[in-house]
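Structure assessment
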Amino acid sequence: MTAQVRIATASKDLFESLRLSLVRAGIGFEIEAQRLADGQEVLEWLESGTRTLLVLDSLLPKVNGEGEYGTGYAAELLHELRSRGIRTPVLVIMQGFDPDLERECNPDNLAIALPHEKLKHRARVVKPFMAMLMGRPDDGAEGSPAIPGTFRVIEVDFHHDRSVCSLGFDDKPDDLIEWRHTRSLHDIKTVAHVFSPMNAYDERGWIDKVRLGGEAVFGRHVMRAIGTGLFRHIEQAAGGLHRLSFRYGISDPALYPAPFEGSLRGNDDGHDGLFVLLNAPVVRRLPRPQVIRVSRHRTARLPSRVRILFIRSQMSEHPEGRTEKDRLVVQDEGQNKTLLFPRLASIDVELEHMTTLAAAVGRDRMELEPLNLSDFQTAEKGGALECIRSKLRNEKYDLVHYAGHAWSNGFSGRESNLLVLPGATLGQAVSLPIDELAELAAKAEARFVYLSACRGTSTRSVQSFVAQGVPHALGFRCNVEDVRAAAFARTFYTSLFGTNSSFCHSFREACASARRDLVTDEESPIWVTPIMLAQSPDWAMRH
């Protein structure tokens, strides 16, 4: 049967331009030359036979198609169609942004709202919109049916005065379509201020603040920026929230502490929303102006054989004797400050897990090289600092894993970020600036750095690696218990090598697993405070 497709608009000029634009964009149907000039004509046409598609101008008048233009009643018309049992799909061409109309253009109403100005993107927009509106799900890959050719990637760039939300595809995640700007950042700046203290996640009620912050991030800058109706279409076409990928680019250092990883997908029924990170990857990207060196690696895919350097930085193992804690003197706000660092049980647990995994997958897949800094504490052996420098300057590694203490004094963008290493003098530790390790890791051509530093790193610590040319980095922005830190690392690497998941999806699995191990959300922040930076063009790949 020949497709029955008509455009409903009171404007003759708009009719011709829409018809031409949709045909050029590959809408997939022949559009009839006769337009529907008002709501009455639409109802008569739809009720007179089986129709394929209605293209509806959002400003269509109810009657008198040749009369006043701009008195549209599109939302009312959608209600009328559904109340009469008419289930013809409707592609609404939205003139300006009408949040009430956009909300009505959802999968339940078999309607989708396409902003008129987005037609300039032609097939890049029209084809996924038609797929979401009329496409058939595939055979249920990964446990849920999905419609091919629809949006899978959502990115939001935060600047000092606005956010910019863009849509993309999982096979071409860098080919983004800029969708909508949000001018007000007051909510994000407020949340960032709340979480700027280093002990923010130690305070009672931190989970409630994360929920409020996560809802502000996701509700305003993702769902409302895209449109709640369109977001529902994207989510359903993908086969669920778990088939999407989210990435935030943050230009303003003042926004770094905001809990972007706590993004909350609100529910219409008033019940608690879903933490996105427990379902889909939520990662960060470093804006290009902040990248000092561009990575030589253009893919998130690992080589067939992965070489890993495991840096073991344990305290209280000096050859002259054991100490309860090792001391480190740092500069904090212009004053000398003495810090004490105990042994960390998690270090050897992590190393044991990595060794077991390497044996299981085989040396042809995973070559693990432990670097025990305690073996280099004497002056004769050069010390821990020179050991790391020499190793990373002279050899190549795909992954670098640091297990030990770190220290940071804030999120100001000018804070100190140090790794704590065993010193050559009994009872004293030495420090290595994270910026220097970042430079060394880049020189070693690392594709990924994991900072398992359980006692204080900052967002900028993780960003330092990407700035220096390491395309992927993972770290924590709060104090994390030893046992939970080791379990997080184990899940991450098991997913990465055991099931061959990508960096970003292994990160999501580790966060979700950490949350499943808790009785309540507030029991530990281990699942919501890790930060993953993913810079490669194919960052959203699943395997």
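A short tour of the structure in this document, coming up. (Residues numbered from 1 in each chain as written. Predicted model: local features only at pLDDT ≥ 70, side-chain atom pairs only at ≥ 80, totals over all residues. Heavy atoms only, no water.)

Thoughts on the sheet that holds strand β4 (residues 111-115)
Strand order in the open sheet formed by four strands is β1-β2-β3-β4, with parallel pairing between adjacent strands. Each edge of the open sheet is held by one strand with a lone partner, namely β1 (5-8) and β4. On average, each strand axis in the sheet is tilted by 20° relative to the strand beside it, whichever way the strands run. Summarising the sheet, β1 and strand β2 (residues 53-57) pair through four bridges and their orientation is parallel. By the bridge assignment for β2, Ala8 is matched with Leu56. (Pairing = 2+ DSSP bridges. Helix = DSSP H or I, 4+ residues; strand = E, 2+ residues; numbered from the N terminus. Axes fitted to C-alpha atoms, helices over the stretch in contact; angles between N-to-C directions.)

Some words on the packing of helix α10 (residues 383-394) against helix α11 (residues 434-443)
The contact between α10 and α11 brings their axes to 7 Å, and the two run at 30°. The angle between the axes of α10 and α11 places the two elements in the roughly parallel class. Judged by the sense of rotation from one axis to the other, the crossing of α10 with α11 is left-handed. Residues Ile388, Arg389, Leu392 and Arg393 of α10 form the contact with α11, whose participating residues are Glu436, Leu437, Leu440, Ala441 and Lys443. In terms of residue class, the contact of α10 with α11 is made up of five nonpolar, no polar and four charged. (Parallel < 35°, antiparallel > 145°, perpendicular 65-115°, else oblique. Left-handed = near helix turned anticlockwise from the far one by under 90°. Contact = heavy atoms within 4.5 Å. Nonpolar A, V, L, I, M, F, W, Y, C, P; charged D, E, K, R; others polar.)

Thoughts on the state of the cysteines
Linking two cysteines covalently through their sulfur atoms gives a disulfide. Scanning the model with the defined rule gives zero disulfides in all. Summary of cysteine pairing: Cys165 is not part of a disulfide, and the nearest cysteine sulfur, belonging to Cys504, is at 17 Å. Owing to a relative accessible area of 1%, Cys165 belongs among the buried residues under this scheme. Left unpaired, Cys504 is separated from the closest cysteine sulfur, that of Cys511, by 11 Å. According to the relative accessible area criterion, Cys504 is buried, its value standing at 1%. (Disulfide = S-S within 2.5 Å. Buried < 20%, exposed > 50% of the residue type's maximum accessible area, 1.4 Å probe, protein only.)

Let's talk about the packing of aromatic side chains
The full count for this structure, using the stated rule, is 20 aromatic pairs. Pairing Phe151 with Phe169 gives two aromatic rings, centres 5.1 Å apart and planes at 35°, and the pair type is tilted. With Phe151 in the loop between α5 (123-134) and β5 (153-158) and Phe169 in strand β6 (residues 163-169), the pair connects residues that are 18 residues apart, well separated along the chain. Using a relative accessible area of 0% as the deciding quantity, one classes Phe151 as buried. The exposure class of Phe169 is buried, given its relative accessible area of 11%. Pairing Tyr248 with Phe260 gives two aromatic rings, centres 5.2 Å apart and planes at 45°, and the pair type is tilted. Within this pair, whereas Tyr248 is found in strand β8 (residues 245-250), its partner Phe260 is found in the loop between β8 and β9 (264-265), the two being separated by 12 residues in sequence. The class of Tyr248 is buried, set by a relative accessible area of 1%. Through successive ring pairs, a cluster of aromatic residues spans Phe448, Tyr450, Phe476, Phe488, Phe492, Tyr493 and Phe503. Note that Lys118 overlies the ring of Trp179, its terminal NZ or CZ placed 5.2 Å from the centroid. (Phe/Tyr/Trp six-rings, centres within 6.5 Å; stacked < 30°, edge-to-face > 60°. Lys NZ or Arg CZ within 6 Å of the ring centre and 35° of its normal.)

A word on the side chain of Arg265
Mapped onto the elements, Arg265 comes out in strand β9. The exposure class of Arg265 is buried, given its relative accessible area of 9%. Within polar-contact distance, the side chain of Arg265 engages the side chain of Glu235 at 2.8 Å. Ignoring any residue separated from it by four or fewer positions in sequence, one finds Arg265 in contact with Phe218, Met223, Phe231, Arg232, Glu235, Gly273, Leu274 and Val276. (Polar contact = N/O pair within 3.5 Å; in protein donor to acceptor, adjacent residues only side chain to side chain.)

Remarks on the layout of surface pockets
What the largest pocket holds in volume is close to 620 Å³. Around the largest pocket, the lining is made up of 29 residues, and of these Asp174, Arg285, Leu286, Arg288 and Gln535 lie nearest the centre. Mapped onto the lining of the largest pocket, the elements with two or more residues apiece are β5, β6 and β7 (172-182). If one sorts the elements of the lining of the largest pocket by residue count, β7 sits on top with four residues. Residue classes in the lining of the largest pocket are distributed as 12 nonpolar, eight polar and nine charged. In this structure, the second largest pocket encloses a volume near 510 Å³. (1 Å grid on protein atoms, 1.4 Å probe; cavity = no way out; pocket = protein on both sides within 12 Å on 5 of 7 lines; lining within 4 Å. Points joined across faces, edges and corners; volume = space filled by probe spheres on them.)

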